[in-house]
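# Survey of secondary and tertiary structure
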Amino acid sequence: MSTIPSAIYLDHAATTPVRPEVAEAMSALLAEDFGNPSSGHAWGRRARGRLEAARASVAASLGVTSDRVLFTRGGTESDNLAVLGRIRHDLAAGITPHVVTSAVEHPAVLEAAERAVQEGGRHTVIGFRGGAFDLDALERTLRHDRPGLVSCMWVNNETGLVLPMVEIAALCRRYGAALHSDAVQAVGKLPVDWAEAPTDLFTITGHKIYGPKGTGALIARDFGALRPLHFGGGQERGLRPGTEDVAGASGLAEAVRLAVAEASAESARLEALRDAVESGLLARIPGARVNAESLPRAPHILSLGIPRADSDTLLAALDASGIAASGGSACASGSSGPTRTLAALYPGDTAAALRLSFGRLNRSRDAGQIVRAVTEAVERTRDLVPS
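This one's a predicted model, so the numbers in the text were calculated from it and none came from an experiment.

Now for the sheet that holds strand S8 (residues 178-182). Ordered in space as S2-S10-S9-S8-S7-S3-S4, the seven strands form an open sheet in which the pairing is mixed. Every interior strand has two partners, whereas the edge strands, strand S2 (69-72) and strand S4 (122-126), have only one. Averaged over all neighbouring strand pairs, the angle between strand axes comes to 20°, with direction disregarded. In the sheet, strand S7 (residues 149-151) pairs with S8 via three bridges, with the strands oriented parallel. The partner of Ser151 across the bridge, within S8, is His180. Packing of helix H3 (residues 75-92) onto the sheet brings it into contact with S2, strand S3 (98-102), S7, S8, strand S9 (201-205) and strand S10 (216-220), and relative to S9 it is tilted by some 160°.

As structure tokens, then:
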């Protein structure tokens, strides 16, 4: 097996390594509790017990009851189920579906919401005004159009922008709209509190919090307002049929437990590291800006706009110097031009995007090396913009 050359990993918003505690929780189940949770014999009952213990653990960590936790194969599936599941519910009930999203949602939400249009419904996108999420536009849409579902991510995966979930939730309650939030970048970084910002559905995933890839959950107040995307079994309330991944659910549960328990200390540590890197880079790179600088941001993401530079060229130079970073969302890798998020925040802007996302693999002593490596990469590649 070849050794990965990157000396400093700064792409935790794309994915994280599995924690030893999580791997240990999963390995015992893979070796011993291999039964099908739907089987009635002893092996099946034992697997069912492990699955429900994992569900109860996720619920306890997030402050909800077990009946509100539905296991999925990750954040994209959970987002799809929340949005498409609601669209299909409304269509079955003879209701014209209307989904409202922010302009900075993950493609798993935005592309699912477009299905409402294809089915004869509506998709309204709420943008930003003066750099901030336009709550007035959201209220006008809620008051005049009475949409069935609003979907706004808790933390934007490209910039770290924290959307005003308390205010969004209050508006949705006032006008009777269900609220979904993609919270995959918020869990373990910010308090995700249903009492303060009571969403009706929210999405979590394992691989953003040092859990296994291919594991996630949709947390919901009322699963009756959703319809399935897959068919062929009654597992997970019939909304996610197929034999459950007991080991994956257990790994997710342990990852969520650790992330929530350590969130306060880890967030403070990451914020200090991010701020040190941010101030160093702004001092050394002429014209650089911090994307969403004036808005609330999560502590683990630093998104920079660098004029007279090309993201792909810059990232290649960083990779060669041992720095793993990204231009934005890993799900949009390979696309040209500004992402939807940056286009919403900075219309017409052509600055190269650089996202540095920090995590457990980074230490405060890394700040100086990161600043030097990024500064040198910008100096080497600036103005080498492909025609």
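Scanning all chains against the criterion turns up one aromatic pair. Arranged with centres 5.9 Å apart and planes meeting at 75°, the rings of Phe128 and Phe133 form a pair that is edge-to-face. For Phe128, a relative accessible area of 16% puts it in the buried group. For Phe133, a relative accessible area of 9% gives the class buried. Sitting over the face of the ring of Tyr346, Arg289 holds its NZ or CZ atom 3.8 Å from the ring centroid.

What follows covers the packing of helix H5 (residues 135-145) against helix H6 (residues 165-175). In the contact formed by H5 and H6, the axes pass within 10 Å of each other and the chain directions differ by 15°. Taken together, the axes of H5 and H6 are roughly parallel relative to one another. Where H5 crosses over H6, the two elements pack in a sense that is right-handed. Note on element contacts: H6 touches H5 through Glu167, Ile168, Leu171, Cys172, Arg174 and Tyr175, opposite Leu135, Leu138, Glu139, Leu142 and Arg143. Looking at the contact of H5 with H6 residue by residue, the class counts come to seven nonpolar, no polar and four charged.

The rules behind each value
Residues numbered from 1 in each chain as written. Predicted model: local features only at pLDDT ≥ 70, side-chain atom pairs only at ≥ 80, totals over all residues. Heavy atoms only, no water. Pairing = 2+ DSSP bridges. Helix = DSSP H or I, 4+ residues; strand = E, 2+ residues; numbered from the N terminus. Axes fitted to C-alpha atoms, helices over the stretch in contact; angles between N-to-C directions. Contact = heavy atoms within 4.5 Å. Phe/Tyr/Trp six-rings, centres within 6.5 Å; stacked < 30°, edge-to-face > 60°. Buried < 20%, exposed > 50% of the residue type's maximum accessible area, 1.4 Å probe, protein only. Lys NZ or Arg CZ within 6 Å of the ring centre and 35° of its normal. Parallel < 35°, antiparallel > 145°, perpendicular 65-115°, else oblique. Left-handed = near helix turned anticlockwise from the far one by under 90°. Nonpolar A, V, L, I, M, F, W, Y, C, P; charged D, E, K, R; others polar.

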